[in-house]
Amino acid sequence: MNLLKLPFAVAAAVLILGAGFALAATGQSSFWSFLVVVSLALAAGGLALAGYLHFKVERMRDDIDRLAHTLDGALKDLAAGNERNSLTLGALTGTIDRQIGGMLERIETAARPETPAASPASGGSDGASQDTGSRKAPQKTDAGERLPAGWADRELELSLEPIVSVSQGAAAAFEVHAHILLEDGSERVVRRLSEAANPADLCAFELAMVKAAIHASRRKLAAEARLPLHVAVSAALLGNEAAVGELCGLLDLHSGLAKGLVFSVPAEQFATKDNSVRHGIVRLTISGAVFAAEGWPREEDALERLKLQGVRIVKLSADRLLDRARTRRKSPSGADLAELIDRSNMAIIAIDVASDEDAVALLDLGVDLMRGERFSPPRRLKPSTRSTSAIDAGA
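For clarity, every value in this text was computed on a predicted model and none was experimentally measured.

Visitor: Is there a simple way to think about the pattern of salt bridges in this case?
Guide: When the charged atoms of two side chains with opposite charge come close together, those side chains can pair. Counted under the stated rule, the structure contains 15 salt bridges. Between Glu-246 and Lys-211 there is a salt bridge whose closest N-O contact spans 2.5 Å. Taken together, the residues span a long stretch of sequence, with Glu-246 in helix α5 (residues 241-253) and Lys-211 in helix α3 (residues 199-220) at a distance of 35 residues. Relative accessible area serves as the criterion here: at 3%, Lys-211 is assigned to the buried category. The residue Arg-324 makes a salt bridge to Asp-319 at a minimum N-O spacing of 2.9 Å. For Asp-319, a relative accessible area of 37% corresponds to the partly exposed category.

Written as structure tokens, this is what we have:
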């Protein structure tokens, strides 16, 4: 039965029942007169109930109509927003290509690494040619590689991967990668070396990458394109007193250098019990260094700890932010993390963004900075004859 007709059916049934009793009681005793009164009372009550039910049903129908209109409007707004985001992301790809392509035409940023005195002598160099035309196609890996023998005798070449701002439609920073020529002639593009590498070599390699990035930022990037460069470093460098001292000297020597350089460090290092690493982080922080934490620490006081140690950026994978990565039961959701980091005035960078769908979902969380396959791979920079020694000399 139609819900709107229910009150009238109730009223009709009660009225018919009351009328029946009234007819049956006509001309009878006082008992039947009492039944007549009761019947009429029931009829009046039924009519009042019917009116009340009718009123409630009308209100329910109005509420349902309003809810339907609201949902319809929300769905239309969502569809329009997704369409705008898709158009923005599509236009962003072209903008990034033009921006990076224009930079590659005029930037020369490669520099020869220098092994610190603390580093042991490298294995014998094979004297491999630096002619990139004879190399095999480079392969990118984020897992890291062990350093091949004689790596310090070869020229260290860099690639830059854009960290894009969707709202600005352009690159906001760059992730620094290095090209490693392996002994079989193939080439690897790495952002962070494997922890299995010799700690002294690992420290030397990271220090060489930082120096090359400094050289790129100060000497080769045009002023309008001088965006922050993110260099991955590990406990091997942070715990090396000589290397940290050298970096602090560079930061103190060159005004404004700290604004163009970001040390990207695994989040667990900010909670380490290794005193040498903690001391290295403090020294760099005092010199004005900016840190980015890769991941989110497990400690309850993680946020305050990161802020006190100079962390201004948090890098989280798209899978973590979109709750696709497995986490501990009590770990905050991706949306909660994004809100928490935003309220703390720290920037958040989503990494490993592979599709438009992920990018749009991240935008819905308020995440604007992203990098990954969806945007641009690392772009190789032209070789240069300038050495990092020029940096050490204060050139």
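That was the structure; now back to the text.
Visitor: Sorry if this is basic, but what is going on with the packing of aromatic side chains here?
Guide: Think of a pair of aromatic rings as described by two things: how far the centres are apart, and how the planes are tilted against each other in angle. Overall, the coordinates contain two aromatic pairs when judged by the stated rule. For the pair Phe-263 and Phe-291, a centre-to-centre distance of 5.9 Å together with 40° between the ring planes defines the contact as tilted. In this pair, Phe-263 is assigned in strand β6 (residues 261-266) and Phe-291 in strand β7 (residues 290-294), connecting sequence segments 28 residues apart. The exposure class assigned to Phe-263 is buried, which follows from its relative accessible area of 1%. For the ring pair Phe-270 and Phe-291, a centre distance of 5.9 Å and an interplane angle of 85° mean the geometry is edge-to-face. Here Phe-291 lies in strand β7 and Phe-270 lies in the loop between β6 and α6 (275-286), a separation of 21 residues in the sequence. Overall, Phe-291 belongs to the buried group, its relative accessible area being 0%. Clustering of aromatic rings is evident, with ring pairs tying together Phe-263, Phe-270 and Phe-291. Positioned over the ring face of Phe-375 is Arg-374, at 5.6 Å from the centre of the ring.

Visitor: How should I be thinking about the pairing of strand β3 (residues 170-181) in this particular structure?
Guide: The side chains of a regular strand alternate between both faces of the sheet. Of all 12 residues making up β3, 11 are buried, and the element is well covered by its neighbours. Where strand β2 (residues 157-165) lies against β3, nine bridges are found, and the strand directions are antiparallel. In the strand pairing of β3, Ser-159 is matched with His-177. Taken together, β2 and the strand that follows it, β3, pair antiparallel across an intervening segment of four residues, in which Gly-169 is found at a positive phi of about 65°. The sheet contact formed by β3 and strand β4 (residues 187-190) spans four bridges and is antiparallel. Bridge pairing in β4 places Ile-180 opposite Arg-188. Here β3 folds back onto β4 in antiparallel fashion, the turn holding five residues, of which Gly-185 has a positive phi close to 95°.

Visitor: I would appreciate a short explanation of the packing of α5 against α6 in the present structure.
Guide: Helix packing for two helices is described by the angle between their axes and how far apart those axes are. Between α5 and α6, the shortest axis-to-axis distance is 9 Å and the interhelical angle comes to 10°. Classified by the angle their axes make, α5 and α6 are roughly parallel. In this structure, α5 uses Glu-241, Val-244, Gly-245, Leu-247, Cys-248 and Leu-251 to contact α6, whose residues at the interface are Gly-280, Arg-283 and Leu-284. Partitioned by chemical class, the residues of the contact of α5 with α6 number five nonpolar, two polar and two charged.

Visitor: How should a positive patch on the surface be read in this particular structure?
Guide: Positive charge collects at one region of the surface, where Arg-298, Arg-328, Arg-329 and Lys-330 lie side by side. Here Arg-328 is to be found in the loop between α8 (318-321) and α9 (334-343).

Visitor: Would you mind showing me how to read helix α10 (residues 356-364) here?
Guide: Working note: α-helix, 3.6 residues per turn, so residues spaced by three or four point in the same direction. Residues Asp-358, Ala-359, Val-360 and Leu-362 constitute the buried set of α10. Positioned one or two residues after α10, Gly-366 has a phi angle of 90°, which is positive.

Visitor: Quick question: what am I supposed to make of the nonpolar core here?
Guide: As a rule of thumb, soluble globular proteins bury nonpolar side chains together. Ranked by internal contacts, the top residues of the largest apolar core, which has 75 residues, are Phe-205, Leu-238, Phe-263, Leu-284, Phe-291, Leu-362 and Met-370. For this core, the element with the most residues is α3, which contributes 12 residues. In this structure, Leu-284 is in contact with Leu-238, Val-244, Leu-247, Cys-248, Leu-251, Ala-289 and Phe-291, ignoring residues within four places of it in sequence. Counting eight residues, the second largest nonpolar core, distinct from the first, contains Ile-163, Ala-173, Val-262 and Ile-313.

Visitor: Looking at this structure, how should I read the confidence of the model for the chain?
Guide: Low pLDDT means the predicted atomic positions in that stretch should not be read closely. For the chain, per-residue confidence averages 74 on the pLDDT scale, and 65% of positions sit at 70 or higher. When the criterion is pLDDT under 50, residues 104-137 qualifies, and its contacts beyond four places in sequence or with other chains add up to 91 contacts.

Visitor: Looking at this structure, I do not really get α5. What am I missing?
Guide: Between its first and last C-alpha atoms α5 spans 18 Å; for 13 residues at 1.5 Å apiece the expected length is 18 Å, and the two agree. Looking only at α5, the buried set comprises Ala-243, Val-244, Leu-247, Cys-248, Leu-250 and Leu-251. One side of α5 holds all its buried residues, which, seen down the axis, span an arc of 160°. Turned more than 90 degrees off the buried face of α5, the exposed positions are Glu-241, Ala-242, Asp-252 and Leu-253. Where α5 begins, the side chain of Asn-240 points an oxygen toward the backbone nitrogen of Ala-242, at a separation of 3.1 Å.

Calculation criteria
Residues numbered from 1 in each chain as written. Predicted model: local features only at pLDDT ≥ 70, side-chain atom pairs only at ≥ 80, totals over all residues. Heavy atoms only, no water. Salt bridge = Lys/Arg side-chain N within 4 Å of Asp/Glu carboxyl O. Helix = DSSP H or I, 4+ residues; strand = E, 2+ residues; numbered from the N terminus. Buried < 20%, exposed > 50% of the residue type's maximum accessible area, 1.4 Å probe, protein only. Phe/Tyr/Trp six-rings, centres within 6.5 Å; stacked < 30°, edge-to-face > 60°. Lys NZ or Arg CZ within 6 Å of the ring centre and 35° of its normal. Pairing = 2+ DSSP bridges. Axes fitted to C-alpha atoms, helices over the stretch in contact; angles between N-to-C directions. Parallel < 35°, antiparallel > 145°, perpendicular 65-115°, else oblique. Contact = heavy atoms within 4.5 Å. Nonpolar A, V, L, I, M, F, W, Y, C, P; charged D, E, K, R; others polar. Patch = residues over 30% accessible without salt bridge, like charges linked within 9 Å, V, L, I, M, F, W, Y side chains within 5 Å. Areas by Shrake-Rupley, 256 points an atom, 1.4 Å probe, with all protein chains shown as cover. Lys, Arg positive; Asp, Glu negative; His and termini not counted. Charge placed at Lys NZ, Arg CZ, Asp CG, Glu CD. Core = buried A, V, L, I, M, F, W, Y, C linked by side-chain atoms within 4.5 Å. pLDDT = per-residue confidence, 0-100. Expected span 1.5 Å × (residues − 1). Arc of directions from axis to C-beta. Polar contact = N/O pair within 3.5 Å; in protein donor to acceptor, adjacent residues only side chain to side chain.

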